[in-house]
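Examining the three-dimensional arrangement
Residues per chain are reported as follows:
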Amino acid sequence: MIPLIACDDIWKIYRIGDVEVQALRGLSVTIEQGEFVAIMGASGSGKSTLMNILGCLDQPTKGQYQLGGVEVGRLQPDQLAEIRNQKIGFVFQSFNLIARTSALENAQLPLFYRGLSLKKQRALASAALERVGLSGREHHTPTQLSGGQQQRVAIARALVTSPSLLLADEPTGNLDTQSSHEIMTILEGLNRDGITIILVTHEVDIAAHAAREIVIKDGQILSDRATQGRSQ
Amino acid sequence: MATFVWLTIVTALRILQRNRLRAGLTMLGIIIGVGAVIAMVSIGEGAKQVVHEQIASMGANVIIIWPSAANVGGVRGAQGSAIKLTVADAMDLKRKIPVLTETGWSKRDVLQIVNAHRNWNSSVMGVSPSFISIRDWSFSRGGSFTQADMDSATLVALLGQTVVDELFDPGEEPIGAVIRIKNVPLRVIGVLSPKGQNTYGQDQDDVVLIPFTTAERKVFGTLFLGSVQGIYASTERAEDVPEAVEYIREVMRSRHRLRSGQPDDFTVRTQVEITQVQEGTSETLTVMLMIIASVSLFVGGIGIMNILLVSVTERTREIGVRMAVGAKRLHIMMQFLIEAMTLSVVGGCMGVIFGILAARLTTVIAGWPTIISGDTVVTAFGFSLVVGLFFGLYPANKAARLNPIEALRYE
Ligand SMILES: Nc1ncnc2c1ncn2[C@@H]1O[C@H](COP(=O)(O)OP(=O)(O)OP(=O)(O)O)[C@@H](O)[C@H]1O
Ligand SMILES: [Mg+2]
């Protein structure tokens, strides 16, 4: 079976004037469908850069990245948008909900770009909100929700399309311990249902929710191992 | 796609409502521009209709000859210069120019008209019967005087409706009544059908017509018999007018013994020319409004572009999120284009209302007729749509070209 993610010798080089920053330096990794991976590493080590490439928001400068057997490296912006819409869900550290817009409409957003009927959009978004424990809050706007609740809306938005891959870049970075725990419980549940999850975090106890832990240093993989915390 | 467009319009309206003041100020240019387009076209259409009615009522085949205002310095004596047009001129024109079907003449004075104990100052015109038919006057009561009345200078009069209203009680029979002008008794034999105001705003019904001979011999007391103030001529067909005008100038110059190089001592005007002057006035106004309209629409467009650029910057993160969840360039582009067009169309709607009000106000205040046609409204509306589309294009494109990562990272 082909792996969900296959990165081979990925480089990401930023050039600012004469200065060259090598954010990723020949990184290779394979992730199977259904895995729960935590990525750790020092600040500036290239975690977010890798996540952006895995999420098809960005493309590698060199190297090959196959998502579900499809080479992503040379696709056009609109084709990447299509893949993000069909296969990927994002959860960001800063929630990134659309302001003054209800939880339901925020959760609907990816479906909106699929051109589904409004009725279908609402039904699926309600179900997603229910799944993250927010039924009854459909019509609250972001400012009327706590940080943990906002992040749960963001997760609902990520899973509303039933993606095969959910990427979370420091999803608990802005949350207290209690809310962080709730978010991780939700992610664990989603992973049990078969969604592949890749999570960036600085906290060891958060990483412990994952089954596999990859540590990155200076744009390369320093270690890649199964965690003891939780077995598949 | 239909759902997408529909929901985007709803979102755009929501954003617009949220920033009501900002949107209102942005739309001001569009409102004024579209308003000016509507006012402009309806005033222009109104003026055009008046002109056409005027030509129809006066007759497109009417030619008017006036003594020229230009002074022929020193060639004639002081008295001679007063007699520039004569009855003989009019009769000679008719005789020598076959395309003229009729010539008529008139002489006018403002005098007091008395009926029993009422009086009224009005324009009294001594005219030939042919003048009445050339000017196409008809009668609501009674009828015209005849050549026989002319020959024997009968004491009869035809009254305009305004004069009747001023001198007679409502329901009182004017026909057969005897009125006095400068103490001369004149029997009323006809009442002219009302013509209303002319394009200069004069009441064409405030008039008394009497036979020319009666006027010069018995009422006005003219020094020089046979002098007239205006000669009217008509042709069978309107197409013959330019040719007739040429002949008239030739005959008149030879009758007045003007050497080549000397200017005409008369002016020949056709009805079409006279109304053109009027049309010219409204054209000036139309051009002015057109300039206002295009400047306003342009400024309005720039306003929309500006506000959209602000909006794109303010919502950079939102654009990033939308891209992250799968919005394609066209989606982002359309979102901002629809926002621009919503602004301009809402502005356009308000402009339509504003323009209709302005046109109505013009009618009420200046007394100019205005015509608001469905076509005008649709055109103005189309204009606002195009402005929104055109000026929305740049910001929309700018938004669509954002890099998703940079947009997401935007502070
Ligand atoms: N757009 C960019 N232009 C230039 N350099 C960049 C850009 N984005 C990232 N970098 C550089 O690439 C390197 C890796 O950045 P990245 O954001 O991936 O780090 P990170 O591991 O996510 O750090 P943190 O834990 O602080 O989020 C850093 O040195 C950063 O300065
Ligand atoms: Mg990072």
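All figures in this text were calculated on a predicted structure; none of them were measured in a lab.

Right, let's talk about the sheet that holds strand S8 (residues 196-200) of chain A for a bit. Residue and element names in this part refer to chain A. One open sheet accounts for six strands, arranged S6-S7-S8-S3-S9-S10; its pairing is mixed. Unpaired on one side and paired on the other, strand S6 (88-91) and strand S10 (220-226) mark the two borders of the sheet. For this sheet, the mean inter-axis angle between neighbouring strands, taken without regard to orientation, is 15°. Relative to S8, strand S7 (residues 165-169) runs parallel, the two sharing five bridges. Looking at S8, one finds that Leu-167 is bridged to Ile-198. Against the sheet, helix H2 (residues 77-87) engages S6 and S7, with an angle of about 80° to S6.

All names here are of chain A. Of all eight residues that make up helix H1 (residues 47-54), seven are buried, and the element is covered over most of its length. What H1 keeps buried is the set Lys-47, Thr-49, Leu-50, Met-51, Asn-52, Ile-53 and Leu-54. Residue Cys-56 follows H1 closely and has a positive phi angle near 60°.

A few words on empty space enclosed by the protein. Under the criterion given, the structure shown has three cavities of 30 Å³ or more. Within this model, the largest cavity holds a volume of roughly 150 Å³. Lining the largest cavity are 14 residues, with Ile15(B), Asn19(B), Ile307(B), Glu339(B) and Leu343(B) positioned closest to its centre. Among the secondary structure elements, those contributing two or more residues to the lining of the largest cavity are helix H1 (2-18), helix H2 (20-58), helix H9 (271-314) and helix H11 (329-366) of chain B. By volume, the second largest cavity is sized at about 80 Å³. Every residue lining the second largest cavity is listed: Arg84(A), Asn85(A), Ile88(A), Gly89(A), Phe90(A), Pro110(A), Ala154(A), Arg157(A), Ala158(A), Thr161(A), Ala324(B) and Val325(B). Of all elements in the fold, only H2, S6 and helix H5 (147-159) of chain A reach the threshold of two or more residues within the lining of the second largest cavity. Among the residues forming the lining of the second largest cavity, the class breakdown is seven nonpolar, three polar and two charged.

Time to look at the packing of aromatic side chains. A full pass over the atoms with the stated rule returns eight aromatic pairs over all chains. Aromatic pair Trp105(B) and Phe212(B): ring centres 6.4 Å apart, planes at 85°, arrangement edge-to-face. On the criterion of sequence distance, the pair formed by Trp105(B) in strand S2 (residues 100-115) and Phe212(B) in helix H7 (residues 212-219) is long-range, its members being 107 residues apart. The pair Trp105(B) / Phe212(B) is uniform in exposure class, with both members buried. Note on Phe298(B) and Phe391(B): the rings are 5.8 Å apart at their centroids and 80° apart in plane angle, and the pair reads as edge-to-face. One end of the pair, Phe298(B), is in helix H9; the other, Phe391(B), is in helix H12 (residues 374-400), and 93 residues separate them in sequence. Owing to a relative accessible area of 8%, Phe391(B) belongs among the buried residues under this scheme. Among the aromatic residues, those joined into a ring-pair cluster are Phe112(A), Tyr113(A) and Phe4(B). Taking the ring centre of Trp11(A) as reference, the NZ or CZ of Lys62(A) above it sits at 4.7 Å. Above the plane of the ring of Trp137(B) lies Lys195(B), whose end atom (NZ or CZ) is 4.6 Å from the centre.

Now for unusual backbone geometry. Positioned with a positive phi, Glu170(A) is a non-glycine residue whose angle comes to about 50°. If you trace the backbone, Glu170(A) turns up in the loop between S7 and helix H6 (177-192). Positive phi outside glycine occurs at Ala153(B), with the angle close to 50°. Ala153(B) gets classed as buried once you look at its relative accessible area, which sits at 2%.

With that settled, the discussion passes to the packing of H1(B) against H11(B). All names here are of chain B. Two numbers describe how H1 lies on H11: the axes approach to 9 Å, and their chain directions differ by 55°. In terms of orientation, H1 lies oblique with respect to H11. Both H1 and H11 take part in a crossing whose hand is right-handed. Residue-level inspection shows Phe-4, Val-5, Thr-8, Ile-9, Ala-12, Leu-13, Ile-15 and Leu-16 of H1 in contact with H11, the latter providing His-331, Met-334, Gln-335, Ile-338, Glu-339, Thr-342, Leu-343 and Val-346.

Our next topic: the site of ligand 1. Around ligand 1, the structure places 15 residues, and the nearest of them are Ser43(A), Gly44(A), Lys47(A), Ser48(A) and Thr49(A). Positioned at a junction of chains, ligand 1 has nearby residues supplied by chains A and B. In the model, an oxygen atom of ligand 1 is placed 2.8 Å from a nitrogen or oxygen of the Gly44(A) main chain. Starting from 630 Å² of accessible surface for ligand 1 in isolation, the protein chains cover 70%. Within the residue set of the shell around ligand 1, elements represented by two or more residues are strand S1 (5-16), strand S2 (19-31) and H1 of chain A.

This paragraph deals with the pairing of S2(A). Sheet analysis places S1(A) next to S2(A), joined by 10 bridges and oriented antiparallel. Residue pairing for S2(A): Tyr14(A) is matched across the bridge by Val21(A).

The subject of this paragraph is the sheet that holds S1(A). Hydrogen bonds between backbone groups are what pair the strands of a sheet, and the pairing can be parallel or antiparallel. All names here are of chain A. Across the sheet, which stays open at both edges, the four strands sit in the order S2-S1-S4-S5 with antiparallel pairing between neighbours. Looking at the sheet topology across the chains shown, the edges are occupied by S2 and strand S5 (70-71). Sheet contacts for H1: S1, S2 and strand S4 (62-67); angle to S1, the most-contacted strand, approximately 120°.

To continue, consider the interface of chain A and chain B. Contacts between the two partners involve 26 residues from chain A and, on the opposite side, 23 residues from chain B. Surface buried jointly by chain A and chain B totals about 2,300 Å² across both partners, of which 59% is contributed by carbon and sulfur atoms. Applying the counting rule to chain A against chain B returns two salt bridges. Of the charged contacts in the structure, one is a salt bridge between Glu82(A) and Lys328(B), with a shortest N-O distance of 2.4 Å. For the pair chain A and chain B, the number of links is eight residue pairs in polar contact (both at pLDDT 80 or more). At the level of secondary structure, the elements contributing two or more residues to the side of chain A that touches chain B comprise H2, helix H3 (103-112) and helix H4 (118-131) of chain A. The residue inventory of the side of chain A that touches chain B, partitioned by class, reads 12 nonpolar, seven polar and seven charged.

Calculation criteria
- Residues numbered from 1 in each chain as written.
- Chains lettered and ligands numbered in written order.
- Predicted model: local features only at pLDDT ≥ 70, side-chain atom pairs only at ≥ 80, totals over all residues.
- Heavy atoms only, no water.
- Pairing = 2+ DSSP bridges.
- Helix = DSSP H or I, 4+ residues; strand = E, 2+ residues; numbered from the N terminus.
- Axes fitted to C-alpha atoms, helices over the stretch in contact; angles between N-to-C directions.
- Contact = heavy atoms within 4.5 Å.
- Buried < 20%, exposed > 50% of the residue type's maximum accessible area, 1.4 Å probe, protein only.
- 1 Å grid on protein atoms, 1.4 Å probe; cavity = no way out; pocket = protein on both sides within 12 Å on 5 of 7 lines; lining within 4 Å.
- Points joined across faces, edges and corners; volume = space filled by probe spheres on them.
- Nonpolar A, V, L, I, M, F, W, Y, C, P; charged D, E, K, R; others polar.
- Phe/Tyr/Trp six-rings, centres within 6.5 Å; stacked < 30°, edge-to-face > 60°.
- Lys NZ or Arg CZ within 6 Å of the ring centre and 35° of its normal.
- Parallel < 35°, antiparallel > 145°, perpendicular 65-115°, else oblique.
- Left-handed = near helix turned anticlockwise from the far one by under 90°.
- Near = heavy atom within 4 Å.
- Polar contact = N/O pair within 3.5 Å; in protein donor to acceptor, adjacent residues only side chain to side chain.
- Areas by Shrake-Rupley, 256 points an atom, 1.4 Å probe, with all protein chains shown as cover.
- Buried area = accessible area lost by both parts, 1.4 Å probe.
- Salt bridge = Lys/Arg side-chain N within 4 Å of Asp/Glu carboxyl O.

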